[in-house]
Amino acid sequence: MELDDVTTDAFDTAVLGADKPVLVDFWAPWCGPCKQLSPIVTGIAEEHQNALSVMKLDVDTHPDIAIRYRVLSIPTLILFSGGQPVVTLTAPRRRADILKALSSWL
């Protein structure tokens, strides 16, 4: 499964206006920890596709969105529900920790 990249132009519609929760993976191509996290995030997207959507946002290409949500380090995962950020995980490493933080929405 390939995760969709969200752009600045599409963010408000695709993430904030979504009918179900959206997990956004803030990353950059040069970020080693981001590459390590990617298969975990993709796995969560596949397993929980009925409960939430998962998208990636390249902070180098779309820094304004990262600034808007105060993403100061990557990888950062933010879960949006009802147009609001409800969970923020900075530099998550373990799948179990991510799932625990998201459990109310899965």
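The numbers attached to residues start from 1 for each chain and follow its sequence in the written order. In view of the model being predicted, local features appear only for residues whose pLDDT reaches at least 70, and side-chain atom pairs are presented and counted only at 80 or more, with totals across whole chains, interfaces and linings using the full set of residues. Calculation of side-chain values draws on the structure's entire complement of heavy atoms; hydrogens and water are dropped beforehand.

Caption draft 1: Seen up close, the environment of Met55. The numbering of helices and of strands both runs from the N terminus, where a helix is a DSSP run of H or I of at least 4 residues and a strand a run of E of at least 2. On the secondary structure map, Met55 appears in strand β3 (residues 53-58). As a C-alpha pair, Met55 and Asp5 span 50 residues in sequence and 5.7 Å in three-dimensional space. Ignoring sequence-local partners within four residues, the contact set of Met55 consists of Asp4, Val6, Ala14, Val15, Val22, Leu23, Val24 and Asp25. Contacts between residues were defined by any pair of non-hydrogen atoms, one from each residue, lying within 4.5 Å.

Caption draft 2: Structural detail: the sheet that holds strand β4 (residues 76-81). For two strands to count as paired, DSSP must find a minimum of two bridges between them. On the basis of which strands lie adjacent, the open sheet formed by five strands has the order β1-β3-β2-β4-β5 and mixed pairing. Two strands lie at the open edges of the sheet, namely β1 (4-5) and β5 (84-90), each paired on one side alone. Both β1 and β3 contribute to a ladder of two bridges, which runs parallel. Directly across from Asp4, in β3, lies its bridge partner Met55. Lines fitted to C-alpha atoms define the axes, with helix axes restricted to the stretch in contact, and inter-axis angles between N-to-C directions lie between 0 and 180 degrees. Relative to the sheet, helix α4 (residues 95-102) contacts β2 (22-27), β4 and β5, its axis offset from that of β5 by approximately 160 degrees.

Caption draft 3: Looking closely at the state of the cysteines. In plain terms, two cysteine sulfur atoms within 2.5 Å form what is called a disulfide here. Summed over all chains, the structure comprises one disulfide. Across a sulfur-sulfur distance of 2.3 Å, Cys31 and Cys34 are joined as a disulfide pair. Taking the sign of the S-S torsion, about 80 degrees here, the bridge from Cys31 to Cys34 comes out right-handed. Three labels apply to residues, based on accessible area from a 1.4 Å probe with only protein chains included: buried if under 20% of the type maximum, exposed if over 50%, partly exposed otherwise in between. On the basis of relative accessible area, Cys31 is assigned to the buried category, the value being 3%.

Caption draft 4: The arrangement of the packing of aromatic side chains in detail. Here a Phe, Tyr or Trp ring, Trp counted by its six-membered ring, pairs with any other such ring whose centre lies within 6.5 Å, and the pair is stacked when the planes are under 30 degrees apart, edge-to-face when over 60, and tilted otherwise. In this structure the tally under the stated criterion is three aromatic pairs. Judged by centre distance (5.7 Å) and plane angle (40 degrees), the ring pair of Phe11 and Tyr69 falls under tilted. In this pair, Phe11 sits in helix α1 (residues 8-16) while Tyr69 sits in the loop between α3 (63-68) and β4, placing the two residues 58 residues apart along the sequence. On the accessibility criterion, Phe11 (0% relative accessible area) is buried. Ring plane angle 85 degrees and centroid distance 5.0 Å describe the contact between Tyr69 and Phe80, whose orientation is recorded as edge-to-face. You can see Tyr69 sitting in the loop between α3 and β4 and its partner Phe80 sitting in strand β4, a full eleven residues away along the chain. Take Tyr69 and Phe80: they sit in the same class, and that class is buried. The rings of Phe11, Tyr69 and Phe80 are connected pair by pair, giving a single aromatic cluster. Of note, Lys56 hangs over the ring of Trp27, and the distance from its end group to the ring centre comes to 4.6 Å. Sitting over a ring, as applied to charges here, requires NZ of Lys or CZ of Arg to be within 6 Å of the ring centre and within 35 degrees of the ring normal.

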